[in-house]
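Chain and residue survey
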Amino acid sequence: DQQVKQNSPSLSVQEGRISILNCDYTNSMFDYFLWYKKYPAEGPTFLISISSIKDKNEDGRFTVFLNKSAKHLSLHIVPSQPGDSAVYFCAASARNIQGAQKLVFGQGTRLTINP
Amino acid sequence: SAVISQKPSRDICQRGTSLTIQCQVDSQVTMMFWYRQQPGQSLTLIATANQGSEATYESGFVIDKFPISRPNLTFSTLTVSNMSPEDSSIYLCSFYKLDLAGGSYEQYFGPGTRLTVT
């Protein structure tokens, strides 16, 4: 039961252009959505998050859009830089019966920025 | 952003032995989490560790295999017991910051412990 799905295993973008990473989810109880960047042999680095009551959040070059009716979110990176090349994970959080926020991850998308 | 560290960063262990992974956070947090990332896979939650109570394990994970300690609000350990090659993974600790008034949620991860079981 894959509650969070990233259907594109890889994406290649030209330097300076916009990178758009997509994520779909099935559980309407998710109340926060997060994006992470991960390099090999390192832990995931938190990039940006959005509450389910919002439809957009922006932080520098990163913007996350949330479409609740479609159960879809996307991460836009503009302009893309070579250092952005990494695996990007979408994650969603819901409160469990113990009151803790439990995070569920997608499978990841490998982004390659070409010079 | 918060600082979260893990020890060891990597280890190679023999089948049947146990390894304890330590996680240290630079601020007091109520809940800490332990995740696993198997080769080529995404991250999977193993358990939630509250200070002063027993850890809560996710489906497929049991206390006998992954005992957890949480002696204070900045530290936790995960033990991988009676290891087999299937336990070869990256193990990560994590915590979150939730600001209900501001509507923000951030969850941070340690650098990971790369475990190889031979």
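Refer to the structure above for everything that follows.
First, a word on what this report is: a plain description of the structure on this page. (Residues numbered from 1 in each chain as written. Chains lettered and ligands numbered in written order. Predicted model: local features only at pLDDT ≥ 70, side-chain atom pairs only at ≥ 80, totals over all residues. Heavy atoms only, no water.)

**A short note on the interface of chain A and chain B**
Across the contact, 24 residues belong to chain A and 26 residues belong to chain B. The contact between chain A and chain B buries some 1,900 Å² in all, and 58% of this surface belongs to carbon and sulfur atoms. The interface formed by chain A and chain B holds 1 salt bridge in total. Here Glu-58 of chain B makes a salt bridge to Lys-102 of chain A, at a shortest N to O gap of 2.5 Å. (Contact = heavy atoms within 4.5 Å. Buried area = accessible area lost by both parts, 1.4 Å probe. Salt bridge = Lys/Arg side-chain N within 4 Å of Asp/Glu carboxyl O.)

**Focus on the layout of surface pockets**
Taken as a whole, the largest pocket holds about 450 Å³ of empty space. Residue lining of the largest pocket: 22 residues in total, with Lys-38 and Arg-110 of chain A together with Gln-37, Gly-40 and Gln-41 of chain B positioned closest to the centre. If you list the elements that add at least two residues to the lining of the largest pocket, you get β9 (86-95) of chain A together with β9 (89-99) and β11 (113-117) of chain B. Split into classes, the residues belonging to the lining of the largest pocket amount to 10 nonpolar, 9 polar and 3 charged. Here the second largest pocket defines a volume of roughly 370 Å³. Around the second largest pocket, the lining comprises 17 residues; the ones closest to its centre are Val-104 and Phe-105 of chain A together with Leu-43, Thr-44 and Leu-45 of chain B. Those elements that provide at least two residues to the lining of the second largest pocket are β10 (101-105) of chain A together with β5 (43-50) of chain B. The residue makeup of the lining of the second largest pocket, split by class, is 6 nonpolar, 8 polar and 3 charged. (1 Å grid on protein atoms, 1.4 Å probe; cavity = no way out; pocket = protein on both sides within 12 Å on 5 of 7 lines; lining within 4 Å. Points joined across faces, edges and corners; volume = space filled by probe spheres on them. Helix = DSSP H or I, 4+ residues; strand = E, 2+ residues; numbered from the N terminus. Nonpolar A, V, L, I, M, F, W, Y, C, P; charged D, E, K, R; others polar.)

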